[in-house]
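Survey of secondary and tertiary structure
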Amino acid sequence: MPKPALTAAVAHVFRSGWYLAGLDYAALMKALYDIGPDSGTLQALRLADAVRVFDGGRLALYKSPKVSLSYAEYTFQPLFLDEETLPDGTVIPERPVQLDIDEFIADMWNKGIQFGIDVAAVKAAMASPKADRITFATDLEPEPGKDATVVEISSDLHRSDAPKARADGRIDLQSFQNRFPQIKADMRLLKKLPSEPGLPGFDLAGRKTEPAPPKDLTLRFFAGEGTEARMFEDGEYLVSTREGFLSVDAKSNRISITDKIVSLEGVSGRTTGNLQLAGAYEEYGDVQEQRDVTGTDITVHGNVYGNIHSRGGTVVLDQNLVSGSVHNAAGSITIAGVASNAVIYAANGAVTIQRAENCVISGVNVTVEEASNCEIIGDVVLLSVAEGCAVAGRNVEVESAGPRRRTEMLIYVLVKDVTHFDQEIAELETRVAGFALANEANQQEVERISALPDVRRYLALAAKLRTQELVLTPEQGQFLRKIAGAVDEEMKALQKHKLELQVGMTQHKLLSERLARVIEQKVEAAGIARCGLHMASGETMVRTMPFGGDTAALRQLPPKDLKQRLRGTPVGGELLFADSGGSLDWHLNSRQRPVSP
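Here is a short report on the structure shown in this document. In this text, all values refer to a predicted model and were calculated from it rather than measured experimentally. (Residues numbered from 1 in each chain as written. Predicted model: local features only at pLDDT ≥ 70, side-chain atom pairs only at ≥ 80, totals over all residues. Heavy atoms only, no water.)

Right, let's talk about the overall build of the protein chain for a bit. Across its full length, the protein chain holds eleven helices and 37 strands. In the protein chain, which comprises 597 residues, the proportion classed as buried is 38%. Sequence separation of 24 or more characterises 50% of the internal contacts of the protein chain that already satisfy a separation of 6 or more. Entry remark: accessible area of the protein chain is about 33100 Å², with carbon and sulfur atoms responsible for 52%. (Helix = DSSP H or I, 4+ residues; strand = E, 2+ residues; numbered from the N terminus. Buried < 20%, exposed > 50% of the residue type's maximum accessible area, 1.4 Å probe, protein only. Contact = heavy atoms within 4.5 Å. Areas by Shrake-Rupley, 256 points an atom, 1.4 Å probe, with all protein chains shown as cover.)

This part is about the packing of aromatic side chains. Each aromatic ring pair is summarised here by two numbers: the centre-to-centre distance and the angle between the ring planes. Applying the stated criterion to the full structure yields 13 aromatic pairs. Geometrically, the ring pair formed by tyrosine 33 and phenylalanine 115 is edge-to-face, given 5.2 Å between the ring centres and 85° between the ring planes. Here tyrosine 33, found in helix H2 (residues 25-33), pairs with phenylalanine 115, found in the loop between helix H4 (101-110) and helix H5 (119-127); they are 82 residues apart in sequence, far enough to count as distant. The pair tyrosine 33 / phenylalanine 115 is uniform in exposure class, with both members buried. An angle of 50° between the planes, with centres 4.6 Å apart, marks the rings of tyrosine 74 and phenylalanine 76 as tilted. Phenylalanine 76 matches tyrosine 74 in its accessibility class, with the two residues each being buried. Here a set of aromatic residues connected by ring pairs shows up, and it is made of Tyr19, Phe54, Tyr62, Tyr74, Phe76, Phe104 and Phe136. Against the face of phenylalanine 232 rests arginine 188, its NZ or CZ located 4.0 Å from the ring centre. Across the ring face of tyrosine 237, the terminal group of arginine 188 is positioned such that the distance to the ring centre comes to 4.4 Å. (Phe/Tyr/Trp six-rings, centres within 6.5 Å; stacked < 30°, edge-to-face > 60°. Lys NZ or Arg CZ within 6 Å of the ring centre and 35° of its normal.)

Moving on, we come to unusual backbone geometry. Although it is not a glycine, aspartate 34 sits at a positive phi angle of roughly 60°. The residue arginine 405 is not glycine, and still its phi comes out positive at about 55°. With respect to the secondary-structure elements, arginine 405 resides in the loop between strand S32 (390-402) and strand S33 (409-416).

With their axes 8 Å apart at the nearest point, helix H1 (residues 3-15) and H2 run at an angle of 135° to one another. Regarding the angle of H1 to H2, the classification is oblique. Facing H1, whose interface residues are Lys3, Leu6, Thr7 and Val10, H2 presents Leu28, Lys30, Ala31 and Leu32. Residue composition of the contact of H1 with H2, grouped by class: five nonpolar, one polar and two charged. (Axes fitted to C-alpha atoms, helices over the stretch in contact; angles between N-to-C directions. Parallel < 35°, antiparallel > 145°, perpendicular 65-115°, else oblique. Nonpolar A, V, L, I, M, F, W, Y, C, P; charged D, E, K, R; others polar.)

For soluble globular proteins, nonpolar side chains are generally found buried alongside one another. Counting 47 residues, the largest nonpolar core has Ile344 and Ile361 as the members making the most contacts within it. Here isoleucine 361 is in contact with Ile344, Val351, Ile353, Ala356, Val366, Val368, Glu375, Ile376 and Ile377, once residues within four sequence places are set aside. Counting residues in hydrophobic clusters, the runner-up holds 38 residues, among them Leu32, Trp109, Phe136 and Phe202. (Core = buried A, V, L, I, M, F, W, Y, C linked by side-chain atoms within 4.5 Å.)

Another aspect to go through is the environment of alanine 48. Within the secondary structure, alanine 48 is located in the loop between H2 and strand S2 (50-53). Residue classification places alanine 48 among the partly exposed positions, given a relative accessible area of 22%. Along the chain, alanine 48 and tyrosine 19 lie 29 residues apart, while their C-alpha atoms are 9.7 Å from each other. Ignoring sequence-local partners within four residues, the contact set of alanine 48 consists of Leu20, Ala21, Gly22 and Leu23.

Attention shifts here to a nonpolar patch on the surface. A cluster of nonpolar side chains, Trp18, Val51 and Val53, forms an exposed patch at the surface whose accessible area comes to about 270 Å². Tracing the sequence through the fold places valine 51 in strand S2. Residue valine 51 is classed as partly exposed on the basis of its relative accessible area, which comes to 45%. (Patch = residues over 30% accessible without salt bridge, like charges linked within 9 Å, V, L, I, M, F, W, Y side chains within 5 Å. Salt bridge = Lys/Arg side-chain N within 4 Å of Asp/Glu carboxyl O.)

Another aspect to go through is the sheet that holds strand S9 (residues 132-138). Ordered in space as S3-S4-S9, the three strands form an open sheet in which the pairing is antiparallel. Two strands lie at the open edges of the sheet, namely strand S3 (66-67) and S9, each paired on one side alone. Relative to S9, strand S4 (residues 71-76) runs antiparallel, the two being bridged by six bridges. Across the sheet, residue phenylalanine 76 finds its bridge partner in S9, namely aspartate 132. Contacting S4 and S9, H5 runs over the sheet at an angle of about 160° to S9. (Pairing = 2+ DSSP bridges.)

Take the sheet that holds strand S14 (residues 188-193) next. Taken in spatial order, the four strands line up as S10-S14-S18-S17 in an open sheet, and their pairing is antiparallel. The open sheet has two edge strands, strand S10 (149-152) and strand S17 (227-232), and neither has a second partner. Taken pair by pair, the neighbouring strands of this sheet meet at an average axis angle of 30°, ignoring direction. Across three bridges, the pairing between S14 and strand S18 (residues 235-240) is antiparallel. Its bridge partner being in S18, lysine 191 is matched across the sheet by tyrosine 237.

Right, let's talk about the environment of asparagine 373 for a bit. Looking at the element boundaries, asparagine 373 is found in the loop between strand S30 (360-372) and strand S31 (375-387). For asparagine 373, a relative accessible area of 24% translates into the label partly exposed. A C-alpha to C-alpha distance of 8.6 Å links asparagine 373 and methionine 409, two positions 36 residues apart in sequence. When near neighbours in sequence (up to four residues on either side) are disregarded, asparagine 373 contacts Asn358, Cys359, Glu387, Gly388, Cys389, Thr407 and Arg567. Of note is the side chain of asparagine 373, whose polar atom sits 2.5 Å from the side chain of asparagine 358. (Polar contact = N/O pair within 3.5 Å; in protein donor to acceptor, adjacent residues only side chain to side chain.)

Scanning the model with the defined rule gives 18 salt bridges in all. A salt bridge links lysine 30 to aspartate 34; the shortest N-O distance between them is 2.8 Å. Aspartate 34 sits in the partly exposed class, given a relative accessible area of 48%. Its salt-bridge partner being arginine 530, residue glutamate 397 comes within 2.6 Å of it at the nearest N-O pair. Remark: arginine 530 occurs in strand S34 (residues 530-536) and glutamate 397 occurs in strand S32; sequence separation between them is 133 residues. One salt-bridge network, held together by shared partners, links Asp186, Glu228 and Arg230.

The next point concerns the pairing of strand S27 (residues 331-340). Most of S27 sits out of view: seven of its ten residues are buried. Bridge count between strand S24 (residues 313-317) and S27: five bridges; the pairing is parallel. By the bridge assignment, threonine 314 is partnered in S27 with serine 332. Two elements, strand S25 (residues 321-322) and S27, share two bridges in a ladder whose sense is parallel. What sits directly across from valine 322, in S27, is serine 340.

Shown next as structure tokens:
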């Protein structure tokens, strides 16, 4: 039977007041919509045990569902039949009644839910003693198809000049400097895998929802010089039309076969061009001017005239870096030779250089044996010999420093800007001093009043009375009251000054404790800053350089801006040393109040 005719037959059964007892709902969905596992080559598909009349009394037990855009909900709750009196007078009390899944399916069909019922969930809700609102039916979304794609047929598609894996897991860049994949004529390179259509979906009413058509591709668009698309019995292929060397255009993905490739040792424009690499790499040749090498864990045994970009690991240059740059985003940089007119930047690692001339160097820890006319910044900077350099760091250690020709030698100690604490400290100190003076004045006044003869005599008598050392007769009590009346004004003043002294001492203690806490916060925020200059071999200046945030912002400055920051006119800071001889051992004392200029 055609699917529409079979659907109409099932609908006729339900709408005629019948239902399918013992219904296999999954088999029904397979028969009507072809949803579910393949049933094979069966002559007949069993749907139910019997066709029964849907009793009108039970039909009233089933309510209308709440239907949304892609799902339907139903509230299941315990149901009871009303009390009934039979003709013979027998009374049947109120009693529970159970819903039936087969009746439910038939009723929902007549109410427009002809697909997607979750039979297991409905049965569980019917059996539950508690009321529950469940989603009992949902749409079936169409299953997308597969877009057309290409797969590699020949392993020779991959350049043989790609980095070669070494036994230690690193990559040797030398293994591909002068070798490129050689392709023979009529070699199958790529195969097109045709698109595959998706599967339709269905809404709750059983209406089909078609999937989006899959995307196709044109294989000849991948064909460059020396290749073409050809159709064979088993599919469409990209085939080489001549013998030569493989070339892949990274922008257009076109594959070409060229007659000749000229290759020189090392990384240059005529061999490899710019390299985009992954993993650990090692280069035994030179990196030529204006060439970029990007990778991780890069080792170059030759000279570098171009640019090295590392995503992490260690960058090691065994020879020299000349007019190029080295950047490492998450690791250290080591240059065993000379760095000249270069930029060296380790964002989160150390920089170690044997000799540097006219370089901009930035890193967390910077160590240079000989530095000349360089701009250097780091958290820790260790220099053996520095001439004509501008150096900045939180911890700077220089064995020997001096100018170079007309270029001055500058050392800046990076000091965290904590001046926002100073105003609060000054205010607290002023308030503490004010309370100290007020307390001293009140104490002096208490002592003065207490020393008056009548007051002293009255206080002595009152003290003895409190300790019961003295018991007065009525006549003596009248005498004491006369004395108290005589010193009444003085006693009021004495109590006033004592109360003010008590309040002042409490405030003085609280403010002193708060002042100590703010000072400790300032010390912690300032951190460590020091400079050790063992010997000045010429005019050398050492200053502090305040900074906000952290040193990473300074270290990340572009070379031009960093030069301007270190060579420009100093802004703020304190002069620590300016002499052509001598030494300096300075440590930041953040507890000390700043000296006003």
